[in-house]
Amino acid sequence: MKCERCLGPMVYERVLYQGRIYDMWKCLMCGDVIDWIILLNRTHPSLVEEALKKKSEETFQEEIHHCA
Ligand SMILES: [Zn+2]
């Protein structure tokens, strides 16, 4: 897996956050992060829409803040 920004090497990370596990890729060069939502959105946009609908808006905002 290579970073789309800088083509640097990306490492797979499994992050535990508020009792849930999130899988993501992180670039070692520029620190860019690709999480499952972004990856899934590229391949199966409709699945992401469904997943996000199930979350409360409050929870989603927290996740955005955490990733930023
Ligand atoms: Zn990068």
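Scope of this entry: the structure provided in the associated data block.

Thresholds applied
- Residues numbered from 1 in each chain as written.
- Predicted model: local features only at pLDDT ≥ 70, side-chain atom pairs only at ≥ 80, totals over all residues.
- Pairing = 2+ DSSP bridges.
- Helix = DSSP H or I, 4+ residues; strand = E, 2+ residues; numbered from the N terminus.

### A few points about the pairing of strand 2 (residues 20-27)
- Bridge analysis of strand 1 (residues 10-17) against strand 2 gives 8 bridges, and the strand direction is antiparallel. Residue pairing for strand 2: R14 is matched across the bridge by D23.
- A loop of 2 residues connects strand 1 with strand 2, the two strands running antiparallel in sequence, and Q18 in this loop sits at a positive phi of about 50°.
- When strand 2 meets strand 3 (residues 33-35), the two strands line up antiparallel, connected through 3 bridges. Bridging from a neighbouring strand, W25 pairs with I34 of strand 3.
- Count of turn residues in the strand 2/strand 3 antiparallel hairpin: 5 residues, of which G31 carries a positive phi of about 80°.

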